[in-house]
Amino acid sequence: MDPPSMWRATTVQACGLWPFAAGSGAPMTGVPLGQHLHTGATVCGDPISWFTRARYISNPSLFMLGMPGLGKSTLVNRMLIGMTATGVVPLVLGDLKPDYADTVRALGGQVISIGRGVGGINVLDPGAMGEAAERIGGEAGRVLLAEAHGRVLNMVAALITIMRGRPMDDHEQSVLSACLHHLRERSAPGRPPLLPDLLRVLDEGPDRVRAVTLDRGDRQRYQKAVDPLHRSLIGVLDGPLGDTFASETSTRINPNAPAVCVDISRIGEADTQLTAAAMLAAWSDGLGTVAAAHALADAGLAPQRWFFTVLDELWRPLRAASGIVERIDALTRLNRSLGLGDAKITHTLKDAEALGNEADRAKARGFVERAGMVVCAGLPRTEMEELGKVIGMSQREIDLVSSWSSPPGWANPEASSEPPGRGRFLIKVGGRPGIPIKVAITETERNLHNTNTRWAGKDLPQPRSGEHR
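Worth saying up front: this structure is predicted, and the values here are computed from it rather than measured.

J.: Is there a simple way to explain helix α5 (residues 127-136) in this structure?
T.: In terms of residue burial, α5 counts as a mostly covered element, since seven of its 10 residues are buried. Along α5, the residues classified as buried are G127, A128, M129, G130, A132, A133 and I136. Contacts made by the buried residues of α5 are with α6 (138-164) and α12 (272-298). Directly beyond the C-terminal end of α5, a positive phi value near 65° is found at G137.

J.: For this particular structure, what's the right way to read the pairing of strand β10 (residues 424-428)?
T.: Looking along a regular strand, one sees the side chains alternate between the two faces of the sheet. Of all five residues in β10, four are buried; the element is thus mostly enclosed. Here strand β9 (residues 373-376) runs beside β10; their pairing, made up of three bridges, is antiparallel. By the bridge assignment for β10, V375 is matched with I427. Bridge analysis of β10 against strand β11 (residues 435-438) gives four bridges, and the strand direction is antiparallel. Among the inter-strand pairings, F425 is bridged to a residue of β11, identified as I437. Linkage of β10 to β11, two consecutive antiparallel strands, is achieved through a turn of six residues, within which G430 is found at a positive phi near 55°.

J.: Got a minute to help me understand the nonpolar core in this structure?
T.: One recurring pattern in soluble globular proteins: nonpolar side chains tend to sit buried together. Counting residues in each nonpolar core, the largest one holds 80 residues, and the members touching the most others are L198, F245 and L387. The greatest single-element share of this core, amounting to 12 residues, is contributed by α12. Residues contacting L387, with those up to four places away along its chain left out, are L65, L349, V368, C376, L379, G392 and M393. In terms of nonpolar packing, the next biggest core, distinct from the first, is built from 37 residues, M79, V92, F308 and I345 among them.

J.: Explain unusual backbone geometry here, please?
T.: Here the bond from K97 into P98 is cis, since omega is 0°, no more than 30 degrees from zero. Here P98 shows up in the loop between β4 (89-95) and α4 (101-106). Located in the positive-phi region is R55, a residue other than glycine, with phi close to 60°. Residue placement: R55 occurs in the loop between α2 (47-52) and β3 (61-65). According to the relative accessible area criterion, R55 is exposed, its value standing at 61%. Although it is not a glycine, L214 sits at a positive phi angle of roughly 60°.

Rules behind the numbers
- Note on numbering: residues in each chain are counted from 1, in written sequence order.
- Given that the model is predicted, a residue must reach a pLDDT of at least 70 before its local features are reported, and side-chain atom pairs must reach 80 or more before they are shown or counted; all residues, however, enter totals for whole chains, interfaces and linings.
- Water and hydrogen atoms play no part in the side-chain values, which are based on all heavy atoms of the structure.
- Exposure classes here rest on a 1.4 Å probe applied to the protein chains alone. A residue is buried below 20% of its type maximum, exposed above 50%, and partly exposed in between.
- Segments assigned H or I by DSSP are reported as helices when at least four residues long, segments assigned E as strands when at least two residues long, and all are numbered from the N terminus.
- The contact rule is simple, with two residues in contact once any of their heavy atoms fall within 4.5 Å.
- For two strands to be treated as a pair, DSSP must find no fewer than two bridges joining them.
- Take the buried Ala, Val, Leu, Ile, Met, Phe, Trp, Tyr and Cys residues and link them wherever side-chain atoms come within 4.5 Å; each set so joined is a nonpolar core.

Written out as structure tokens, the structure reads:
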């Protein structure tokens, strides 16, 4: 039998037709996400709306966990489409598959490709922050330029951390900071320095840099102090990262675009160092663009805009090197607190537990603890029990989400239709009961976001005569 039609109306409109109207308890503020699994009520929400309008959360952030193939990026794509309609600017900073490029193009946004022979990023370029500082001028311009310096310093330190596999020493960061100040003061307007220029400053050893090394006028003491940093920078330039980060930025982020996607899908799956470096560089450049837009708005030189950043496949850069969590934390904490939401997406909490030291693991767990919204797709029971200790989950919620990761029986006739748990999510906010939803995508969304394109449009191998299907 066909299911009966469902209609939704306010109590004012429907009270005469159906006098037993009652509130469903499902939030109705934000992007329409799907239907409540138990009541069928429409559930709406996104980090920006729940922070600014509904006041459900204390900061506009989302952390999403779930096994692969269950629709995490599909749900985020829906949020991006809905938030764009309200004037929010999505920034997908490092699209690995790509999951979001087609959606951004359909929204009339900018897609930037990064990879060997495709495009690169000059990590010494202050980008939009430098341009905004010049336009603003005065004390506000100097403050913005100092913030840009901090972003550049963190990004170069991140590249060196990835190359070494361990964090930089504190005195090396001081030397690096002095070199960057020296370069900025001597660079021609409109021509940002490059990494080879940074090497030349270390070779020359100007007074400002030598003073930081405490060489006391002894050239040998200076060289001994900077040689490890020098070797690491040469490794960056001559190693797997050089082609992508040693030249000028191929395409700058357009701060006026309705949406932006930095596509790094052409980087090989096994090229972990370049993948992590490209993601961090994209995050740094994108968050710097956000800070510049807010500074211009504060100065009355541009309209106020809200931004929403997507940091997908978070586990990839986390595993690149020891200490990289600190760099990610520094990059995300440097952004201004007003007008920026973010979504961090990974598979499980065990991605954090696999990190090299306890300090890194604690910082990575903090990403979940500080999130305004936590969204869970299907996860194993052990993972859900660990997550319950962090965000507080009832046994019923743990049972529900873990059931979404349990496959059906072998004889289930519908087992081939879609993975179990696909499109089902539990939304948790603080100590409130979770909201279980089912997401049904439209045909337009399906065409824009199909992660199985490699399997589409091809004839799969057929069994030979006498074999069972």
